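# Understanding the architecture of this molecule
Each chain is listed here by its residues.
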Amino acid sequence: ISSPGVCEKEPDQAKAVNCPSALLDALHPTTDVIFLSTDQVYDGLNAPYVETDEAKPVNLYGQTKVDFEKLLMEKCPTNAVALRSSLIIGPETPFKCRKQTFLQFVHDRLLKQEDTSFFTDEFRSVVFVG
């Protein structure tokens, strides 16, 4: 569940979905795992961050991601990696998704001529997936 608000409203579901320990138990020990985490594992007070900085999530979404990162590193220490992405951009998703990519969100707002507020005090690292 990638919505911090939904995670706060549905904490048990957020923990089950974002920290699927049974998934790791079901994998063959030599399976390579790439886990897409989030920059929301940081509190935002000491940016920019590097991978060795301590995670200090300020919401349940970030905490569930940290919890799974730790579990993943315990169970798959030599064949797993957690990527802490920020803003993912790329081509339109192949199917209609409830949560769009950032570019789809902006495009949709422009087409509908809807006023949209953006943060002006953030520095984000963009990841292109295409």
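Here, every reference points to the structure presented above.
To start, this report covers the structure provided alongside it. Owing to the predicted nature of the structure, the values given are computational and were not obtained by experimental measurement.

### A word on the environment of Val 58
Here Val 58 lies in the loop between strand E1 (33-36) and helix H4 (60-75). Among the residues examined, Val 58 registers a relative accessible area of 63% and is labelled exposed. Linking Val 58 and Gln 40, residues 18 residues apart in sequence, is a C-alpha distance of 7.6 Å. In contact with Val 58, not counting residues within four places along its chain, are Gln 40 and Asp 43.

### Here's the deal with the environment of Asp 67
With respect to the helices, strands and loops of the structure, Asp 67 is situated in helix H4. Among the residues examined, Asp 67 registers a relative accessible area of 32% and is labelled partly exposed.

### So, a nonpolar patch on the surface
A surface patch of nonpolar side chains, amounting to about 360 Å² of accessible area, comprises Ile 34, Leu 36, Val 81 and Leu 83. Elements with a minimum of two residues in the nonpolar patch: E1 and strand E2 (80-83). By the element assignment, Leu 83 lies in strand E2. Using a relative accessible area of 42% as the deciding quantity, one classes Leu 83 as partly exposed.

### Here's the deal with the nonpolar core
Cys 19, Leu 24, Val 33, Phe 35, Phe 68, Leu 71, Leu 72, Cys 76 and Ala 80 together form the largest nonpolar core, which totals nine residues. Where this core is concerned, the elements lending two or more residues are E1 and H4. For this core, the element with the most residues is H4, which contributes three residues. Residues contacting Leu 24, with those up to four places away along its chain left out, are Phe 68, Leu 71, Leu 72, Lys 75 and Cys 76.

### Brief notes about the pattern of salt bridges
Tallied over the entire structure, the rule returns four salt bridges. Two residues, Lys 112 and Asp 108, come together in a salt bridge whose shortest N-O distance is 3.3 Å. Taken together, the residues span about one helical turn, with Lys 112 and Asp 108 both in helix H5 (residues 102-112) at a distance of four residues. By relative accessible area, Asp 108 is classed as partly exposed at 22%.

The rules behind these values
- Residues numbered from 1 in each chain as written.
- Predicted model: local features only at pLDDT ≥ 70, side-chain atom pairs only at ≥ 80, totals over all residues.
- Heavy atoms only, no water.
- Helix = DSSP H or I, 4+ residues; strand = E, 2+ residues; numbered from the N terminus.
- Buried < 20%, exposed > 50% of the residue type's maximum accessible area, 1.4 Å probe, protein only.
- Contact = heavy atoms within 4.5 Å.
- Patch = residues over 30% accessible without salt bridge, like charges linked within 9 Å, V, L, I, M, F, W, Y side chains within 5 Å.
- Areas by Shrake-Rupley, 256 points an atom, 1.4 Å probe, with all protein chains shown as cover.
- Salt bridge = Lys/Arg side-chain N within 4 Å of Asp/Glu carboxyl O.
- Core = buried A, V, L, I, M, F, W, Y, C linked by side-chain atoms within 4.5 Å.

This is a description of form; function is not addressed.
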